[in-house]
There are 2 protein chains.
Amino acid sequence: MNLKQLAELLELSQTTISRALNGYPEVGERTRRRVLEAAHRHGYKPNSNARKLATGRAGSIGYVLPVGRNVDLDPHFVEFLSGLGEHALSRDVDLSLTPAVLERESEAYRRIASSRSVDGVYLSSLRNDEQRIALVRNLGIPFLAHGRSLAPSEGYAFLDIDNEGAFYNAARLLLQLGHTRLAFINGDTDFAFAVHRLNGVRRALAEHGLPETAVAHHSAAMNEENGFRLAMALFRDAGSETRPTGVLSASMFTTLGIVRCFNQLKLRMPDDVSIITHDDVFPFLKPESFTVPLSTTRSSIRAAGARVCERLVDIISGVETGSVQEVWPVELIVRATTGPAPAARRPARKSPAEAAE
Amino acid sequence: MNLKQLAELLELSQTTISRALNGYPEVGERTRRRVLEAAHRHGYKPNSNARKLATGRAGSIGYVLPVGRNVDLDPHFVEFLSGLGEHALSRDVDLSLTPAVLERESEAYRRIASSRSVDGVYLSSLRNDEQRIALVRNLGIPFLAHGRSLAPSEGYAFLDIDNEGAFYNAARLLLQLGHTRLAFINGDTDFAFAVHRLNGVRRALAEHGLPETAVAHHSAAMNEENGFRLAMALFRDAGSETRPTGVLSASMFTTLGIVRCFNQLKLRMPDDVSIITHDDVFPFLKPESFTVPLSTTRSSIRAAGARVCERLVDIISGVETGSVQEVWPVELIVRATTGPAPAARRPARKSPAEAAE
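Now for a look at the structure at hand. All values reported here derive from a predicted model rather than from experimental measurement.

1. Some remarks on the pattern of salt bridges
Residue and element names in this part refer to chain A. On inspection of all chains with the given rule, the structure shows 38 salt bridges over all chains. Arg148 serves as the salt-bridge partner of Asp160, at 2.7 Å between the closest nitrogen and oxygen. Of this pair, Asp160 sits in strand 5 (residues 158-161) while Arg148 sits in the loop between strand 4 (143-146) and strand 5, placing them 12 residues apart in sequence. Summarising the burial analysis for this pair, Asp160 and Arg148 share the class buried. Between Glu320 and Arg311 there is a salt bridge, with the nearest N and O atoms lying 2.8 Å from each other. By relative accessible area, which is 13% here, Glu320 ends up buried. In this structure Arg311 comes out as buried when scored by relative accessible area, which is 1%. Linked through salt bridges whose partners overlap, the residues forming this network are Arg307, Glu310, Arg311, Glu320 and Glu326.

2. Concerning the packing of helix 8 (residues 163-176) of chain A against helix 9 (residues 192-207) of chain A
All names here are of chain A. One way to put it is that helix 8 packs onto helix 9 with a least axis distance of 7 Å and a crossing angle of 35°. Classified by chirality, the crossing of helix 9 by helix 8 is right-handed. Facing helix 8, whose interface residues are Asn163, Glu164, Phe167, Tyr168, Ala171, Arg172 and Leu175, helix 9 presents Phe193, His196, Arg197, Asn199, Gly200, Val201, Arg203, Ala204, Leu205 and Glu207. Looking at the contact of helix 8 with helix 9 residue by residue, the class counts come to eight nonpolar, four polar and five charged.

3. Some thoughts on the environment of Asp74 of chain B
In this structure, Asp74 of chain B sits in the loop between strand 1 (60-66) and helix 5 (75-91). Through-space distance from the C-alpha of Asp74 of chain B to that of Arg41 of chain B is 47 Å; in sequence the pair is 33 residues apart. Here Asp74 of chain B is in contact with Val78 of chain A together with Met222 of chain B, once residues within four sequence places are set aside. A distance of 2.6 Å separates polar atoms of two side chains, one belonging to Asp74 of chain B and the other to His76 of chain B.

4. A word on the interface of chain B and chain A
Opposite the 47 residues of chain B that make contact, chain A presents 47 residues. When the two sides are added together, the surface that chain B and chain A hide from each other amounts to roughly 3900 Å², 56% of it contributed by carbon and sulfur. Inspection of the chain B/chain A interface yields four salt bridges. Where Glu225 of chain A meets Lys286 of chain B, a salt bridge forms, and the shortest distance between an N and an O atom there is 3.0 Å.

5. Quick look at the sheet that holds strand 5 (residues 158-161) of chain B
The mixed open sheet is built from 12 strands, whose spatial order is 11(A)-5(A)-4(A)-3(A)-1(A)-2(A)-2(B)-1(B)-3(B)-4(B)-5(B)-11(B). The two strands at the open ends of the sheet, each matched to only one other strand, are strand 11 (325-328) of chain A together with strand 11 (325-328) of chain B. The mean inter-strand angle of the sheet, taken between neighbouring strand axes irrespective of direction, is 20°. In terms of strand pairing, strand 1 of chain B meets strand 3 (residues 120-123) of chain B through two bridges, oriented parallel.

Calculation notes
- Residues numbered from 1 in each chain as written.
- Chains lettered and ligands numbered in written order.
- Predicted model: local features only at pLDDT ≥ 70, side-chain atom pairs only at ≥ 80, totals over all residues.
- Heavy atoms only, no water.
- Salt bridge = Lys/Arg side-chain N within 4 Å of Asp/Glu carboxyl O.
- Helix = DSSP H or I, 4+ residues; strand = E, 2+ residues; numbered from the N terminus.
- Buried < 20%, exposed > 50% of the residue type's maximum accessible area, 1.4 Å probe, protein only.
- Axes fitted to C-alpha atoms, helices over the stretch in contact; angles between N-to-C directions.
- Left-handed = near helix turned anticlockwise from the far one by under 90°.
- Contact = heavy atoms within 4.5 Å.
- Nonpolar A, V, L, I, M, F, W, Y, C, P; charged D, E, K, R; others polar.
- Polar contact = N/O pair within 3.5 Å; in protein donor to acceptor, adjacent residues only side chain to side chain.
- Buried area = accessible area lost by both parts, 1.4 Å probe.
- Pairing = 2+ DSSP bridges.

Below is the structure:
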C-alpha cells in the first residue's frame with residue numbers, strides 16, 4: 001500500500017498522513033493514532049522522498065565544518081559523528097556539512113538559511129565569546145548547541161557534559177591523596193569547555209585552602225605532541241621537591257605524550273606522579289590499554305552525538321520547545337595511575353593510620 | 001554588480017554566465033573568457049544559491065556513512081574529511097552524509113539517486129567483492145572510488161595509494177636487513193587495501209626465495225587493542241629462536257598496541273625486533289612521537305581527501321571524463337625502529353664487512 005492509497009482509505013490528505021507518521025504537533029492525537037494503526041495494519045512504509053516533499057522539509061540537519069590551515073579536526077569528531085549518524089539513520093535524516101574557514105563562518109550560516117538545504121543545525125566547540133548563537137537565532141535556523149558558552153544565561157538549548165564537575169572531582173581526589181603541587185595540561189582556553197574545567201580545578205583548590213598557583217596550568221590543542229612538550233617543560237629540569245606530583249590531562253592523546261615524557265624521564269606512575277585524564281570513550285584508544293591503566297573522567301562523546309541528533313530533530317519538528325539545557329554528569333574512574341603523593345606515602349609505610357587521614 | 005546586471009551587460013542569459021564561471025563544457029572558450037573578464041572588471045562574485053538554481057545542481061557531494069553496532073568510524077576518516085572539506089570550500093560544495101547500515105546500503109544509494117540531493121558520490125573502504133560500483137553506475141550517479149576493489153578491470157575512476165608497493169618495499173627492507181621470520185598485523189582482509197598489502201609482502205618473500213609461511217599473518221580491525229592482543233599471541237610464549245624479528249603493522253593505532261606489548265615483554269626496538277608501520281600522517285599522533293621513532297610507509301590521507309573532492313567535482317562538471325585510475329606512490333621512511341635482524345647483527349660486531357653483504 002502506498003501513501004495515496006492509505007490517504008484514500010482514511011479520507012485524509014497525504015500531507016496529514018505524513019505529518020501524523022512523523023510526529024508533527026499540527027496533527028491531533030486521535031488522528032495520529034488512527035493513521036499509525038492503519039499504516040501498521042496495511043504494512044505501509046513511508047518513502048522518505050515523498051515524505052520530505054509532503055512536509056516541506058529538507059530531511060537534513062546541518063553542521064558548519066571548520067577547515068583551514070590551522071584547523072585540525074580531531075578524533076573526537078569522528079566518534080561524535082558515529083553516534084550522530086546512528087541516530088540520524090533511525091530518524092531518516094541526512095547530515096549536511098558546509099565547510100567554512102573561521103573568518104567566513106557567518107557567511108556559511110547565511111547561505112544555509114537562504115538555501116533551506118537543511119532543517120536545523122547543531123553548533124559545537126563553543127567559544128567563550130560565542131557569536132554563533134545570536135547569528136543562527138537571528139537567521140531563524142532551528143539549532144542545538146553541543147556545549148555551552150560562558151554566558152548560557154542568554155537561554156538557548158544545549159547539551160553539555162559537566163566539565164567543571166568532572167575536573168573538580170578529579171582535582172579533589174588528587175588533593176585527598178595528598179598531592180599539593182598539581183599540573184593541568186588543559187585544552188585551548190579559547191573554548192568554553194576548557195575554562196569550565198579550569199574553574200573546577202580552582203574550586204577544588206580553594207576548598208582545600210590552596211591558592212590558584214598550586215596548579216601549573218597550560219593550555220594548548222589536545223594532541224600527543226603538546227602533551228609531551230608541556231610535560232617535558234614541567235618535569236625535565238624540576239627536582240623531586242618542586243615538580244608536580246599530580247597531573248590532570250585534557251585528553252587521551254595529550255596523555256599519550258605525557259606518558260612518553262614520563263617514560264623518558266623514568267618517572268613511575270603512580271609512585272612518582274599521579275595522573276587523571278579525560279576519556280571520551282574512543283574505541284580505538286582505551287585507558288585500560290596503557291601499560292599503567294589510566295584513571296579517568298569519562299563521558300561518551302558517541303552517546304552525545306546520538307543525543308544531539310535526537311534533540312535537534314525534536315526541536316525541528318516542534319516536539320521539543322523552550323531552551324532545554326541538558327548537562328550530563330561525568331564519571332570518575334580510578335585505575336592504576338592515581339596513588340598517594342610521594343611525600344604523603346613515605347611516612348605511610350610506617351603508620352598507615354596517619355596516611356589514611 | 002549582480003548576475004542579472006552582468007547578463008544584461010553581456011547580452012547573455014544568466015544560465016550561460018553561471019555555466020561559464022563554473023567551467024561547464026557546454027560554454028565555448030571564447031564566451032567563457034569574455035564572461036570571466038567582465039566579471040573580474042565589474043567585481044561580480046557569484047552567489048552560490050543563484051548559481052545552483054541556474055545550473056540545476058545540488059551543489060553537494062554525497063557519502064554513505066557506515067553506521068551500526070559493529071561499525072567504528074576510525075580516525076582515518078576525520079583526516080580524510082579535513083582534506084575533503086578544505087577543497088570543498090574552494091569549490092563551494094557541501095558534503096552530504098547519508099547514514100546506512102551495511103545491509104541497507106543499496107537502499108541509501110537509491111534514495112540519493114531519486115532525491116537528486118547530491119550531484120555525485122564518493123565510495124571508500126572498497127571491499128574485495130565490491131557491489132557498489134555496479135550499483136551507482138546503474139543508478140546513474142556520478143562517482144569516484146577512494147581505493148579500488150580486487151577487480152579494477154571493470155574500469156571505473158578511482159584514487160588509490162600503492163598499498164602493494166608500500167608493503168612490498170617495507171618487507172623487502174626487513175629481508176635486506178636479515179630478517180627471515182616476519183609478522184604482519186594487517187587490517188581486515190575483507191577490504192581490498194589489506195589484500196593488496198598482503199600481496200606486496202608475499203611478492204617480497206617470493207623474490208627472496210622464502211615461502212609464504214615466512215610471514216605470520218593476522219588480520220583485524222586497526223586499533224590499539226588488536227595490535228596488543230595479536231602481538232602478545234605472537235611474542236609472549238615464543239623463544240628468541242622462533243619468534244618473529246621483523247613486524248609490519250597496518251596503522252599507527254595498531255602499533256600503539258604492539259609497542260605496549262613489546263614494553264611489557266621487555267623487547268627492545270630495534271635490537272630484539274624491528275617494526276615498520278603504515279602512517280596516514282595524522283596530526284594528532286606522529287611516528288616521530290614514539291619513544292623509539294617509528295619507521296613508516298607514509299601517505300597523507302588528508303591529501304587524498306582533497307584530491308577526491310577535486311576529482312569528483314571535475315567528474316560532475318564534465319571536466320574529467322573516462323575512467324581515470326590514479327595511484328599514488330607511498331614513501332618508505334626509515335627512522336629508529338628498523339635494524340639488522342638479531343642473528344645477523346651478532347657476527348657483524350666482529351666483522352662489519354660480512355654483515356653488509
